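Structural overview for review
If you want the building blocks of each chain, they are given just below.
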Amino acid sequence: MHDMAASGVVVVMGTGGTIAGLSSTGLDQDYKAAQLGVAELVTAVPALAGQPIEAQQVAQLDSKDMGWAVWRALMQAVSDTLARPEVDAVVITHGSDTLEETAWLLHLLLSPTKPVVLTAAMRPASSAEADGPRNLADAVSVARWAAAQVLAGVVAVLHGQVWSGTDVRKVHSWHIDAFDGGGALPLAQVADGQVVATPDALWVPPRGQWLPAMGALDQLPRVEIITSHADADGALVDAMLAAWTASDARRLRGLVVACTGHGTWHRDLEPALLRARRAGVVVWRGSRVARGGVESRPDDTWPVAGRLTPAQARVVLAITLALRDLG
Ligand code: ASP
């Protein structure tokens, strides 16, 4: 257990989401995300009063609409902010819908020597049962705790649990306890502002670097997700190949298949996937099943997405292709 003595500055960056949402009718189901500014979110949490915290509004959107333009602004803001010596950590308030994608983006492109902590909420700020204030207070506690221990990298703090940014995923569409690690244990728990680490939990070290060339990129390479299911065939894949010609800058570069079970797909889908592969499209196998992912086997002829959700795998493949293009 560790005390949360305030040390350096924690910068809280707002991007919108339900955590900043308001209901005009008083009903939790009937609200608009991304209404309150991040400074208001910070002020609303008594536990944060008097702490050295800076609020920075980077975007204001429902994260279902997340995309490269916001990601690029966020990457630049996080990267610039972490470079300031007085800053100990960055906390990002985010919508829950695409949090797992942003977490992977940050993980792939940042090489922070400081913690980057994502948080969200399942109830709007106007709710009598708003979970945002506690999540934000916990996120700042975890940020300070991790900084004090020189733990770096991307984590998510939700409902009293700390997840590695590489594991976290949304697993319930409306429960307040909506996230887990896809089978991985939480890195730590937070109760009453105290952080208790899970013994032997591994903080995945930072891995990437925010290259100026990425900042100049207008769009990520197009990587789409398709699902294998009963009656599936290759019509969608063929339509995608036909829709974007090889000379099109937004042509199909990658496909993540949300496969059945442990990485299988309908036999009628395979011919189109082979055509896509021959056309230079990178095809990865993920799983539409919530836990376990797809492990690689020695006789694999199609690459696997490992434990990544299809949405996470899409980000990883798009960034990989973008970095490859940049040489
Ligand atoms: N649609 C919202 C968002 O992701 C949901 C949430 O934040 O819980 O922005």
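All of the points below concern the structure found in this document. (Residues numbered from 1 in each chain as written. Predicted model: local features only at pLDDT ≥ 70, side-chain atom pairs only at ≥ 80, totals over all residues. Heavy atoms only, no water.)

1. Observations concerning the sheet that holds strand β11 (residues 222-227)
Taken in spatial order, the 3 strands line up as β11-β12-β13 in an open sheet, and their pairing is parallel. Unpaired on one side and paired on the other, β11 and β13 (282-287) mark the two borders of the sheet. Strand-to-strand twist in this sheet, taken as the mean axis angle between neighbours without regard to direction, amounts to 25°. Here helix α8 (residues 310-326) sits on the sheet and contacts β11, β12 (252-259) and β13; the angle it forms with β12, its principal contact strand, is near 160°. (Pairing = 2+ DSSP bridges. Helix = DSSP H or I, 4+ residues; strand = E, 2+ residues; numbered from the N terminus. Axes fitted to C-alpha atoms, helices over the stretch in contact; angles between N-to-C directions. Contact = heavy atoms within 4.5 Å.)

2. Focus: the sheet that holds strand β1 (residues 9-16)
Strands sit in the order β2-β1-β3-β4-β5-β6-β9-β10 across an open sheet of 8 strands; the sheet is mixed. Edge positions in the sheet fall to β2 (53-61) and β10 (194-197), since each has one partner strand and no second. On average, each strand axis in the sheet is tilted by 25° relative to the strand beside it, whichever way the strands run. Here strand β9 (residues 188-191) runs beside β10; their pairing, made up of 4 bridges, is antiparallel. Along β10, the bridge assignment pairs A191 with Q194. Where helix α3 (residues 99-109) meets the sheet, it contacts β3 (87-93), β4 (115-119) and β5 (153-158), and its direction lies at approximately 170° from that of β4. Strands β1, β2, β3, β4, β5, β6 (161-164), β9 and β10 of the sheet are contacted by helix α4 (residues 132-148), whose axis makes an angle of about 165° with β4.

3. Points about α3
Because each turn of an α-helix spans 3.6 residues, side chains separated by three or four positions end up pointing in the same direction. With 11 of its 11 residues buried, α3 lies for the most part within the structure. Buried residues of α3: L99, E100, E101, T102, A103, W104, L105, L106, H107, L108 and L109, and no others. (Buried < 20%, exposed > 50% of the residue type's maximum accessible area, 1.4 Å probe, protein only.)

4. Focus on the side chain of T81
Mapped onto the elements, T81 comes out in helix α2 (residues 68-82). If near-sequence neighbours (up to four positions away) are discounted, T81 is found in contact with V11, M13, Q56, V87 and V90.

5. Quick word on the environment of P124
Tracing the backbone shows P124 in the loop between β4 and α4. The spacing of P124 and L27 is 97 residues in sequence and 9.5 Å in space, taken between C-alpha atoms. If we skip the residues at most four places from it in the chain, P124 touches T18, G21, L22, D28, Y31 and A130.

6. A look at the site of the ligand
In the vicinity of the ligand, the contacting residues are G17, T18, D62, S63, G95, S96, D97 and A121. S63 places a polar side-chain atom, nitrogen or oxygen, 2.5 Å from an oxygen atom of the ligand. One of the backbone nitrogen or oxygen atoms of A121 is found 3.0 Å away from an oxygen atom of the ligand. In the complex, 93% of the free accessible area of the ligand, which totals 260 Å², lies under the protein chains. At a threshold of 2 Å from the grid points, most atoms of the ligand map onto the largest pocket. Looking at the shell around the ligand residue by residue, the classes come out as 1 nonpolar, 5 polar and 2 charged. (Near = heavy atom within 4 Å. Polar contact = N/O pair within 3.5 Å; in protein donor to acceptor, adjacent residues only side chain to side chain. Areas by Shrake-Rupley, 256 points an atom, 1.4 Å probe, with all protein chains shown as cover. 1 Å grid on protein atoms, 1.4 Å probe; cavity = no way out; pocket = protein on both sides within 12 Å on 5 of 7 lines; lining within 4 Å. Sits in = over half its atoms within 2 Å of the grid points. Nonpolar A, V, L, I, M, F, W, Y, C, P; charged D, E, K, R; others polar.)

7. What about the pairing of β5?
Most of β5 is tucked away, with 6 of its 6 residues classed as buried. Burial along β5 is two-sided: the face carrying G153, V155 and V157 and the face carrying V154, A156 and L158 are both buried. Pairing of β4 with β5 involves 4 bridges; the strand directions are parallel. Pairing of P115 across the sheet is with G153, part of β5. Crossover connection from β4 via α4 to parallel β5: handedness left-handed. (Right-handed = clockwise from strand over helix to strand, strands pointing away.)

8. With respect to the layout of surface pockets
Size it by volume and the largest pocket reaches roughly 280 Å³. Lining the largest pocket are 18 residues, with T18, D28, Y31, M122 and S173 positioned closest to its centre. Considering only residue class, the lining of the largest pocket consists of 5 nonpolar, 7 polar and 6 charged. Of the volumes computed, that of the second largest pocket is approximately 200 Å³. Taken together, R169, K170, V171, S287, R288, V289, A290, G293, R307, L308, T309 and P310 make up the full set of residues lining the second largest pocket. Its residues assigned to classes, the lining of the second largest pocket comprises 5 nonpolar, 3 polar and 4 charged. (Points joined across faces, edges and corners; volume = space filled by probe spheres on them.)

The analysis is restricted to geometry; functional conclusions fall outside its scope.
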